[in-house]
Amino acid sequence: MQVKKKDIYLLMILAGILIALGVYQFVYIKYQEKCDALEAENDSLQNTVTELELLEARRQEFEDDTQSMQAECDRIIRLFNADTMMEDEIMYTYNMEQVVANDIAVPSVTLAGTVELPYSGSLSVGEYQLTDEGIRMFDSSVNLGFTTSYDGLKHIIEYLYDMPGRKALSTVSVALSGDGYLSCSAVVDFYHLTGTEMPYEQSDIPTVILGTDNIFGVLETAPPAENAGESEAGEAE
């Protein structure tokens, strides 16, 4: 079968069209898709670069704000004691009596114990997110019942807020007694933080008489040997 020259040209044209379609479909389109993906990635990276450039321009501001916030956090932490022991609460009441002198009588002191104040949620200041870094707050309550004068009550409140450490007079009730004094009951909260680098400072406790160190009267010298008398007798002979 003889193929005409015209048919050969048509076949060549058809083959060329098919090749062009294949190149367009499997080469050009794939290449265009990759170009579009690279262009989108470049746009995203350009946005990131722009954000980083803006942050770099504000770096000194961030560093200054960080130092300022750290200084403020340290200042707040120093307002709290590192711990609250039973002797701290007792000495607080004792010192309060000394401050008010003869103008107060505290017949009732109850140590209510220590509880942790839970923290939930997130804390943010402006555009900054804060974390607790393991710091926990505790509340130790003391229930006081006392009798004092009006001036004595004012001295007690002044003493409460002048003492170092974070404290709060959470509740107080006052009634006029028959002898002209004020019969008062109050709950004092002592707050302290754990997880900080602040050391615990023990309360100054005055000298307390502890009694004798030898309550059973045990002799402190060694007992004589059983054969000491026999040895001495033998030497005499």
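A quick note: this is a predicted structure, and the numbers were derived from the prediction, not measured. (Residues numbered from 1 in each chain as written. Predicted model: local features only at pLDDT ≥ 70, side-chain atom pairs only at ≥ 80, totals over all residues. Heavy atoms only, no water.)

### Things to note about the overall build of the protein
1) Next: If you tally the helices and strands in the protein, you get five helices and six strands.
2) Next: Listing each helix as α and each strand as β along the protein from the N terminus yields α-α-α-β-β-β-β-α-β-β-α.
3) Next: Of all 237 residues assigned to the protein, the portion counted as buried reaches 16%.
4) Next: A fraction of 73% describes how many contacts in the protein between residues 6 or more apart in sequence connect residues 24 or more apart.
5) Next: Surface exposure of the protein reaches about 18,400 Å², of which carbon and sulfur atoms provide 57%. (Helix = DSSP H or I, 4+ residues; strand = E, 2+ residues; numbered from the N terminus. Buried < 20%, exposed > 50% of the residue type's maximum accessible area, 1.4 Å probe, protein only. Contact = heavy atoms within 4.5 Å. Areas by Shrake-Rupley, 256 points an atom, 1.4 Å probe, with all protein chains shown as cover.)

### Brief notes about the packing of aromatic side chains
1) Next: Considering all chains together, one arrives at two aromatic pairs under this definition.
2) Next: An angle of 85 degrees between the planes, with centres 5.1 Å apart, marks the rings of Tyr-92 and Phe-190 as edge-to-face. With a gap of 98 residues between them, Tyr-92 in helix H3 (residues 86–100) and Phe-190 in strand E6 (residues 182–194) connect regions that are remote in the sequence.
3) Next: A relative accessible area of 6% means that Tyr-92 is categorised as buried.
4) Next: Pairwise contacts between aromatic rings join Tyr-92, Tyr-159 and Phe-190 into one cluster. (Phe/Tyr/Trp six-rings, centres within 6.5 Å; stacked < 30°, edge-to-face > 60°.)

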